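Descriptive structure summary
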Amino acid sequence: MKNKRSLILSHSIFTADPQQEKVDGYLLMEGQRLLDVKPGTPSEEVLKSVDEMLDFRNKTVCPGLIDPHTHLIFGGSRENELALKLAGASYMEIHKEGGIKSTVRKTREASLDELRHKALKSLESMLLHGTTTVEAKSGYGLDKETELRSLRLIRELPQLQALDLIPTYLGAHDVPPEFDSAEQYADFIIEEMLPLVKKEDLAQFVDIFCEKGIFELETSRRIAEAAKAEGFKLKIHADEIAPLGGAGLAADLHATSAEHLMSISDQDIHKMAASGTVAVLLPATSYFLMVKDFAPARKMLEAGVHVALASDFNPGSSPCENLQMAMFMACYEMKLTPEEILRAVTREAARAISREDEIGQLKKGFLADITVFDAPSPAYLLYHFGINSVCDVFKSGEHVVRNGCISTAAVASLLASRRGAEQ
Ligand code: IZC
Ligand code: ZN
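These notes cover the structure that comes with them.

What counts as what
- Residues numbered from 1 in each chain as written.
- Chains lettered and ligands numbered in written order.
- Predicted model: local features only at pLDDT ≥ 70, side-chain atom pairs only at ≥ 80, totals over all residues.
- Heavy atoms only, no water.
- Near = heavy atom within 4 Å.
- Polar contact = N/O pair within 3.5 Å; in protein donor to acceptor, adjacent residues only side chain to side chain.
- Areas by Shrake-Rupley, 256 points an atom, 1.4 Å probe, with all protein chains shown as cover.
- Nonpolar A, V, L, I, M, F, W, Y, C, P; charged D, E, K, R; others polar.
- Phe/Tyr/Trp six-rings, centres within 6.5 Å; stacked < 30°, edge-to-face > 60°.
- Helix = DSSP H or I, 4+ residues; strand = E, 2+ residues; numbered from the N terminus.
- Buried < 20%, exposed > 50% of the residue type's maximum accessible area, 1.4 Å probe, protein only.
- Lys NZ or Arg CZ within 6 Å of the ring centre and 35° of its normal.
- Donors = N, O, S within 2.8 Å, 3.2 Å for Na, K, Ca; no water.
- Core = buried A, V, L, I, M, F, W, Y, C linked by side-chain atoms within 4.5 Å.
- Contact = heavy atoms within 4.5 Å.
- Axes fitted to C-alpha atoms, helices over the stretch in contact; angles between N-to-C directions.
- Parallel < 35°, antiparallel > 145°, perpendicular 65-115°, else oblique.
- Left-handed = near helix turned anticlockwise from the far one by under 90°.

**A closer look at the site of ligand 1**
As a matter of local geometry, ligand 1 sits amid R78, Y91, I100, Y140, H173, F209, H237, E240, N314 and S317. R78 places a polar side-chain atom, nitrogen or oxygen, 2.9 Å from an oxygen atom of ligand 1. In the environment of ligand 1, an oxygen atom lies 2.5 Å from a nitrogen or oxygen atom belonging to the side chain of Y91. Computed on the free molecule, ligand 1 has an accessible area of 270 Å², of which 100% lies beneath the protein chains in the complex. Grouping the amino acids of the shell around ligand 1 by side-chain chemistry returns four nonpolar, four polar and two charged.

**Regarding the packing of aromatic side chains**
Under the counting rule described, the total for this entry stands at 10 aromatic pairs. Ring geometry for F56 and F394: centres 6.5 Å apart, planes at 70°, overall edge-to-face. Of this pair, F56 sits in the loop between β4 (52-55) and β5 (60-63) while F394 sits in strand β15 (residues 390-395), placing them 338 residues apart in sequence. Here F56 matches F394 in class, with each residue buried. An aromatic cluster is built from F179, Y185, F188 and F215, whose rings are joined through pairwise contacts. One residue, K85, lies across the ring of F288, its end atom 3.5 Å from the ring centre. Above the plane of the ring of F232 lies K198, whose end atom (NZ or CZ) is 4.6 Å from the centre.

**Regarding the coordination of the zinc ion (ligand 2)**
Protein-derived ligands of the zinc ion (ligand 2) are H69 (NE2), H71 (NE2) and H237 (NE2), with the metal-ligand distances lying across 2.0 to 2.1 Å. Every donor residue of the zinc ion (ligand 2) comes from the same chain, spaced as H-x1-H-x165-H. Looking at H69, the relative accessible area reads 0%, which means it is buried.

**A look at the nonpolar core**
Of all hydrophobic cores here, the largest spans 103 residues; its most connected members are L72, L261 and L281. With nine residues, helix α7 (residues 182-199) is the single largest residue contributor to this core. Sequence-distant contacts of L261, defined by excluding residues within four places in its chain, comprise A238, D239, A247, M272, A279, L281, A295, P296 and M300. Grouped together as the second largest cluster of nonpolar side chains are 17 residues, L34, V37, L54 and I370 included.

**With respect to the packing of helix α5 (residues 112-128) against helix α6 (residues 144-156)**
In helix packing, the relevant descriptors are the interaxial angle and the interaxial distance, both defined with respect to the helix axes. Where α5 meets α6, the axes come as close as 11 Å, and the angle between the chain directions of the two elements is 45°. One element, α5, and the other, α6, form an angle in the oblique class. In the packing of α5 onto α6, the handedness of the crossing is right-handed. For the pair formed by α5 and α6, the contact residues are L112, L115 and R116 on the first element and R149, L153 and E156 on the second. Here the contact of α5 with α6 is composed, by residue class, of three nonpolar, no polar and three charged.

**Quick look at the side chain of Q361**
By the secondary structure assignment, Q361 is in the loop between α15 (347-352) and β14 (370-373). Judged by relative accessible area, Q361 falls into the buried class, the value being 9%. Once you skip the residues sitting within four places of it in the chain, Q361 turns out to touch T15, A16, D17, P18, L34, P63, R347, E356 and F366.

**A closer look at the side chain of R78**
Position of R78 relative to the elements: it lies in the loop between β6 (65-67) and α2 (81-86). On the basis of relative accessibility, which here comes to 6%, the residue R78 falls in the buried class. Only 2.6 Å separates the side chain of R78 from the side chain of E81, close enough to count as a polar contact. A distance of 2.7 Å separates polar atoms of two side chains, one belonging to R78 and the other to T103.

Structure (structure tokens):
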């Protein structure tokens, strides 16, 4: 059967393609891919060639949003920390007894079915909020069995729902109680876990929580170098709280991205620009942690750093699947413009997960992953804040969200074509 050809009309197409970033015109897609994006009105000939025409003239059409930093797989929740935070406790104070440690306990106790159900619920929420691809980390098991179980679950999830997932092994998220020191646990990660994760091809990235009192700079370097030697790409949680120099380490090792970066030094900003390491900024986390520091996004952009935004979805410092929250925070707290923000959740976010050749832009040959906002312009989208502006979403050409509701038929068709592609 011939692939369906669809045409989308819009006065506000934000392509994220540097060659023609904003288009008042139309977009053509066929099957899974984009055929063309053009200004002006389509000719009779073009109109005759399509099977379907979608009128989004007063809406903003963007590449499907990409969330390049989430801790998707975890058991339980941590609303008990709210009272502590309101009483003034910091993230690191809570971390001593609870925090990640409490989520590790709950993740180890959870059944696979529970973890699957929870992740599916979150992915559904992400889709309804416009996200089409998500990076997903392990990191709440820390022992062999639970880490592998989490990563295998991440691999399974694209067979069950619409989003694509990019798997990251975050064994170095905290030191589990079975180990006496970060050094000892790092040996276990390097000698046992990295080869196992590689053998089963369970992760594209290895990530490290490089933070004072968690994994210090030298331990982080040891893990990162071993991961690189094993063939993984790198991501580093860097300079979130203390200015340890994790961003400089990420740049030295040509990591794909460094994340958080609220305490980054000027020198490391320049190092990141030179190495092309993407800065993945997580402003919803600063907001939720009730700290007043936001990463110096403007300084980074001026220095030539690639800046992406992510939700940091996790049970402790950002229990929020809605990437638009990070977009609002980037606007009102970091003073990024609507266009800088849209680039950061599309083209730059694709770069942060090494998928920039296929997603994150509306241009010929790219996957037809498209998010439509019920907003006539990018400025209106960021101005009308605090609501879900997403009305329609296409994933690999399938119209999976229609007028704010998931189309189970379109998702089923997407999953069938994924199964077909595997055979
Ligand atoms: O569970 O607290 N920062 N990891 C590093 C987190 C936040 C997630 C958590
Ligand atoms: Zn994180």
